Amino acid sequence: MTRTLRRRRIAEDNSEMDDARLERPDRLDRLTIAIDGPSGAGKGTVARAVAARLGYRHIDTGAMYRAVAWKARQEGIDLTDESRVAAVAERAVFDLGSGRVVIDGHDVAAAIRTPEIDRAATTVARHPAVRRVLVARQHALGEGGGVVMEGRDIGTVVFPDADVKIYLDASPEERARRRASDPAHTSSKGAQLSDVATALAERDRNDSTRAASPLAIAPDATVVDTTGVPIDVVIEDVLALIRTRPMTDDR
Ligand code: DC
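Some words on empty space enclosed by the protein
This model, assessed by the stated rule, comprises 1 cavity of 30 Å³ or more. In this structure, the largest cavity encloses a volume near 30 Å³. Counting residues per element, the lining of the largest cavity draws most heavily on strand E8 (residues 164–169), which supplies 3 residues. Here the lining of the largest cavity is composed, by residue class, of 6 nonpolar, no polar and 2 charged.

The following block contains the structure:
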């Protein structure tokens, strides 16, 4: 059953947790942490900070769909041509991590955060053949644990057995506001909030209604509503959820 975070309960759980449980050295060792949710829910900031705090790797799977869309456009490939785009994904050499997004030797970290690539990535992500390739690669990248992976289908498809599954959400207005003030996104610069909100709603609709792995809440995920919550509080809440997760044998 999906759980929803109740902030006060987590704080109480933390203060009441016995020391032995907190200090179990294996508790935080090489877990697989899935963070899913719609655009602008705060996944990137939260996943990056949580990975840094735990000394884990952070993998942004949205950046992989974006980089494939960028490369396909570079090669003049029609983005609706599923098999050609899947071939780009298959051949691609990725170098991801610590904010780096490199595909086939091209550093695209900035180039993939534009309105054109927002749309192109959504088109590319609809193709089952592209998803098959990228899901397999994401699975390989996360193998062995010690990873915080963010996306739309991490807890449902990529790592259905993840140790911790978080679904971050926020109201559409708040998500649009965050996206509009995100310096990494060129779509935000000078854009009207209403335009950002419209584009976001369109992408949400596409991501949630596509046939292949639509954005969905895993039944065993904890939903964290970040509306009106400062991001550093969200980060602490997520870390608390990780520390207090049920052990595999008492789940
Ligand atoms: O999170 P983002 O906005 O960078 O993602 C870019 C696109 O890729 C967006 O349309 C959602 C899609 N995506 C996906 O379908 N599955 C993922 N695991 C990650 C992103």
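That was the structure; now back to the text.
So, the side chain of aspartate 118
Tracing the chain through its elements places aspartate 118 in helix H6 (residues 115–125). Aspartate 118 sits in the buried class, given a relative accessible area of 9%. Within the structure, the side chain of aspartate 118 is placed 2.9 Å from the side chain of arginine 66, a separation counted as a polar contact.

A closer look at the nonpolar core
In terms of nonpolar packing, the biggest core is built from 38 residues, with Val68, Phe94, Val124 and Leu134 touching the most fellow members. Mapped onto this core, the elements with two or more residues apiece are helix H4 (61–74), helix H5 (82–91), strand E5 (100–103), H6, helix H7 (128–142), strand E7 (147–151) and helix H8 (154–158). Counting residues per element, this core draws most heavily on H4, which supplies 8 residues. Both domains that furnish three or more residues to this core are identified here as domain 1 (1–56 + 145–251) and domain 2 (60–144). Apart from residues no more than four positions distant in its own chain, valine 68 is found in contact with Val85, Val88, Ala89, Phe94, Ile103, Val124 and Leu134. With 21 residues, the next largest nonpolar core counts Ile33, Ala41, Ala47 and Val238 among its residues.

What counts as what
Residues numbered from 1 in each chain as written. Predicted model: local features only at pLDDT ≥ 70, side-chain atom pairs only at ≥ 80, totals over all residues. Heavy atoms only, no water. 1 Å grid on protein atoms, 1.4 Å probe; cavity = no way out; pocket = protein on both sides within 12 Å on 5 of 7 lines; lining within 4 Å. Points joined across faces, edges and corners; volume = space filled by probe spheres on them. Helix = DSSP H or I, 4+ residues; strand = E, 2+ residues; numbered from the N terminus. Nonpolar A, V, L, I, M, F, W, Y, C, P; charged D, E, K, R; others polar. Buried < 20%, exposed > 50% of the residue type's maximum accessible area, 1.4 Å probe, protein only. Polar contact = N/O pair within 3.5 Å; in protein donor to acceptor, adjacent residues only side chain to side chain. Core = buried A, V, L, I, M, F, W, Y, C linked by side-chain atoms within 4.5 Å. Domains from an automatic or database assignment. Contact = heavy atoms within 4.5 Å.

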